[in-house]
Amino acid sequence: MNTELKNAVLATDLKAQYDACAKKLLGYKDILARILIEAVEEFRRMSPDEVKLLIEDDIHIGKIPVDPGLTNVVVGVDEDGKEIIGMNTVNEEVNAGYILFDIIFYVRLKEGRSKIIINIEAQRKEPTEYDILNRAVFYASREISSQKNREFVNSNYNDIKKVYSIWICMNMSENSMNHIHLTNDTIIGNQVWKGKEDLVNIVMIGLAKEISPKEEKHKLHRLLGALLSERLKEEEKLNILKNEYHISMEKSIKEDVKVMCNLSEGIEERGIIKGREEGRTELLKQQVQKKLAKGQSIEVIAEDLVEDVEVIRTIVDEIQAEE
């Protein structure tokens, strides 16, 4: 395997590990509680400790399929012999072809037994191959439609639980937060239609490349920026989490922060190596062009530049394809 391809493969592997580690860190209740307080109206003005108690223990990270027909599974039978439907957890490695929710879990409401379904998605950057809001709408819609036979049966649509799909997009040009939800525009008459207009909610959180300043309005962005940063050192991250947000530094979270920092350093190193390789390739290409212009053969060029004939032949093919 040539060096450039090898570096690309290693960088891809590191990024995949980084993404998995990011999901794991976001899945800690201490972090989820603070996201809910800032992003979900029902938990505003509550303390992190209060919200943590309301988050149910089954926090599914990279295990629940998004695809229709795969989100639910039969988990048992009740006393009347009816099937009990639950979320379908799959092995991410075995079922690599599935689209999976990054994080999905239930959180109870303070005033009663009602629950909200929360999905959190982490993106290292805004995708270019599709519009991210369109994907968020699809995920929120699946959170609703997959409740059929799990949260409600037959035509009991009043039992549908409110859902939130919260997207954290890193490396954006500025900090941002948007709440996208249903609105009711009266066009004719004054009819009041029964039902809940707040069932579907999308929250888009944009994180600037630089970590946010220590300000109240940037509280969540600073926390997430520090947690997911590819630039901050381990000690800096832990210091912010512990001293600014008073998050308990349990051994598990400290280890995961360390892993993320190591992965970030690996990605940066691979980027530097790749940059050097690309620079060397471009220089070699320029040298080959000059020698071709002088009428030198591939074999002579290879001998002059101390390169394999096949390497020079590939470069020549590229040059000719561009002409």
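Structure report, in brief. Owing to the predicted nature of the structure, the values given are computational and were not obtained by experimental measurement.

A closer look at the packing of aromatic side chains
Applying the stated rule across the entire model yields four aromatic pairs. Between tyrosine 139 and tryptophan 167, the aromatic rings sit 5.1 Å apart at their centres with planes inclined by 65 degrees, giving edge-to-face as the arrangement. Of this pair, tyrosine 139 sits in helix α4 (residues 132–145) while tryptophan 167 sits in strand β6 (residues 163–172), placing them 28 residues apart in sequence. An identical accessibility class is assigned to tyrosine 139 and tryptophan 167; each is buried. Plain terms: the ring middles of phenylalanine 152 and tyrosine 157 are 5.4 Å apart, the flat faces sit at 50 degrees to each other, and that makes the pair tilted.

Examining a nonpolar patch on the surface
Together, Val73, Val75 and Ile84 give the surface a local cluster of nonpolar side chains, amounting to about 220 Å² of exposed area. Along the polypeptide, valine 75 turns up in strand β2 (residues 72–77).

Quick word on the packing of helix α5 (residues 219–228) against helix α6 (residues 234–244)
At a minimum axis separation of 8 Å, α5 and α6 run at an interaxial angle of 150 degrees. You can see that α5 and α6 cross each other, and the crossing is left-handed. For the pair α5 and α6, the contacting residues are Arg222, Leu223, Ala226, Leu227 and Leu228 in the first and Lys237, Ile240, Leu241 and Glu244 in the second. Split by residue class, the contact of α5 with α6 holds six nonpolar, no polar and three charged.

Re helix α9 (residues 309–322)
Across its 14 residues, α9 extends 20 Å between first and last C-alpha, which sits within 8% of the 20 Å expected from 1.5 Å per residue. Along α9, the positions that sit buried rather than exposed are Ile312, Ile315, Val316 and Ile319. The arc enclosing the buried residues of α9, seen along the axis, measures out at 100 degrees, which places them on a common side. Among the exposed residues of α9, those pointing more than 90 degrees away from its buried face are Glu310 and Ala321.

Quick look at the sheet that holds strand β7 (residues 176–181)
Overall, mixed pairing links the six strands, which are arranged β1-β4-β5-β6-β8-β7 in an open sheet. The open sheet has two edge strands, β1 (60–61) and β7, and neither has a second partner. The sheet contact formed by β6 and strand β8 (residues 200–208) spans eight bridges and is parallel. Counted as the bridge partner of cysteine 169 is glycine 206 from β8. Seen against the sheet, α4 touches β4 (103–108), β5 (115–123), β6, β7 and β8 and runs at an angle of roughly 155 degrees to β6. Sheet strands in contact with α5 are β6, β7 and β8, and its direction is about 65 degrees off that of β8.

Rules of the game
- Residues numbered from 1 in each chain as written.
- Predicted model: local features only at pLDDT ≥ 70, side-chain atom pairs only at ≥ 80, totals over all residues.
- Heavy atoms only, no water.
- Phe/Tyr/Trp six-rings, centres within 6.5 Å; stacked < 30°, edge-to-face > 60°.
- Helix = DSSP H or I, 4+ residues; strand = E, 2+ residues; numbered from the N terminus.
- Buried < 20%, exposed > 50% of the residue type's maximum accessible area, 1.4 Å probe, protein only.
- Patch = residues over 30% accessible without salt bridge, like charges linked within 9 Å, V, L, I, M, F, W, Y side chains within 5 Å.
- Areas by Shrake-Rupley, 256 points an atom, 1.4 Å probe, with all protein chains shown as cover.
- Salt bridge = Lys/Arg side-chain N within 4 Å of Asp/Glu carboxyl O.
- Axes fitted to C-alpha atoms, helices over the stretch in contact; angles between N-to-C directions.
- Left-handed = near helix turned anticlockwise from the far one by under 90°.
- Contact = heavy atoms within 4.5 Å.
- Nonpolar A, V, L, I, M, F, W, Y, C, P; charged D, E, K, R; others polar.
- Expected span 1.5 Å × (residues − 1).
- Arc of directions from axis to C-beta.
- Pairing = 2+ DSSP bridges.

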